[in-house]
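Residues per chain, in single letters:
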Amino acid sequence: MTLRSLLLGFLAVPLLAQSPSITGVSPRAVIPGKTTLLTLSGSNLQQATNLWTSFGPASASLTNSGREVSFRVRCSEDARGIGAIQLHGPGGISDFELILIDPLPVRESGSSSPLELPAAIDATLRDEEVDTYRFQAAAGQELSIEVLAHRIGSQADPVVRVLDRDGRELAYCDDDE
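What you see is a predicted model, and the numbers here were worked out from it, not measured in a lab.

## Notes on the side chain of glutamate 97
No. 1: Along the chain, glutamate 97 turns up in strand β9 (residues 97-101).
No. 2: Side chain to side chain, glutamate 97 and arginine 28 meet in a polar contact 3.2 Å long.
No. 3: In contact with glutamate 97, other than residues within four places in its own chain, are Ile22, Val25, Arg28, Gly83, Ala84 and Ile85.

Here it is in structure tokens:
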């Protein structure tokens, strides 16, 4: 083996490795002061070893199936708002993925039981999909209902409708003109 072929072999290895790509994160929110198990899905994850976060330290990779990789992340007590994560591997780094940092208890979508307020919902909607949630509220009670979509990189175009128990519309919000 000549020095030239050996050198070409070493140069080819980094060219074969590709940067990891994140296509999904679950859950989409972390709670300040708590540790959360984040599962990232995507491509080129086989050798993803580190997760960088803008809000606190992450453990070494816990599981890695090649299509999904999991990390425990500890969110600092004073963090709030929208944070960023980025996956690292020998082939490079992923694009940033945005994630919510919020103290509200998070519930996965799809449960038919009523929400206990205050609450946050972690949902991924497909085309034309509708999620419905029930909660108790008193007459005159003020509520803040917020959908984070574009602010965390989603292409969703959400519409929010609040109905009373008889199905009458009490409030409607669509960001279109």
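## So, the environment of glycine 42
No. 1: Tracing the backbone shows glycine 42 in strand β3 (residues 35-43).
No. 2: Each C-alpha atom, one on glycine 42 and one on glycine 66, is 8.4 Å from the other, the two residues being 24 residues apart in sequence.
No. 3: Each residue touching glycine 42, except ones within four places of it in the same chain, is listed here: Ser21, Ile22, Thr23, Gly66 and Arg67.

## Here we look at the packing of aromatic side chains
No. 1: The final tally for this structure, using the stated rule, is one aromatic pair.
No. 2: Seen from their ring centres, tryptophan 52 and phenylalanine 96 are 5.8 Å apart, and the 70° between their planes marks the pair as edge-to-face. Residue tryptophan 52 is found in strand β4 (residues 50-53), and its partner phenylalanine 96 is found in the loop between β8 (92-93) and β9; the two are separated by 44 residues along the sequence.

## Some thoughts on the pairing of strand β6 (residues 68-74)
No. 1: As paired elements, β3 and β6 share seven bridges and run antiparallel to each other. Residue pairing for β6: leucine 37 is matched across the bridge by arginine 72.
No. 2: Bridging between strand β5 (residues 63-64) and β6 involves two bridges; their strand directions are antiparallel. Note on β6: the bridge partner recorded for asparagine 64 is valine 69.
No. 3: With antiparallel pairing between neighbouring strands as the criterion, β5 and β6 make up a hairpin whose turn holds three residues, including glycine 66 at a positive phi of roughly 95°.

Rules used throughout
- Residues numbered from 1 in each chain as written.
- Predicted model: local features only at pLDDT ≥ 70, side-chain atom pairs only at ≥ 80, totals over all residues.
- Heavy atoms only, no water.
- Helix = DSSP H or I, 4+ residues; strand = E, 2+ residues; numbered from the N terminus.
- Polar contact = N/O pair within 3.5 Å; in protein donor to acceptor, adjacent residues only side chain to side chain.
- Contact = heavy atoms within 4.5 Å.
- Phe/Tyr/Trp six-rings, centres within 6.5 Å; stacked < 30°, edge-to-face > 60°.
- Pairing = 2+ DSSP bridges.

In short, the description is geometric, and any link to function would need to be established separately.
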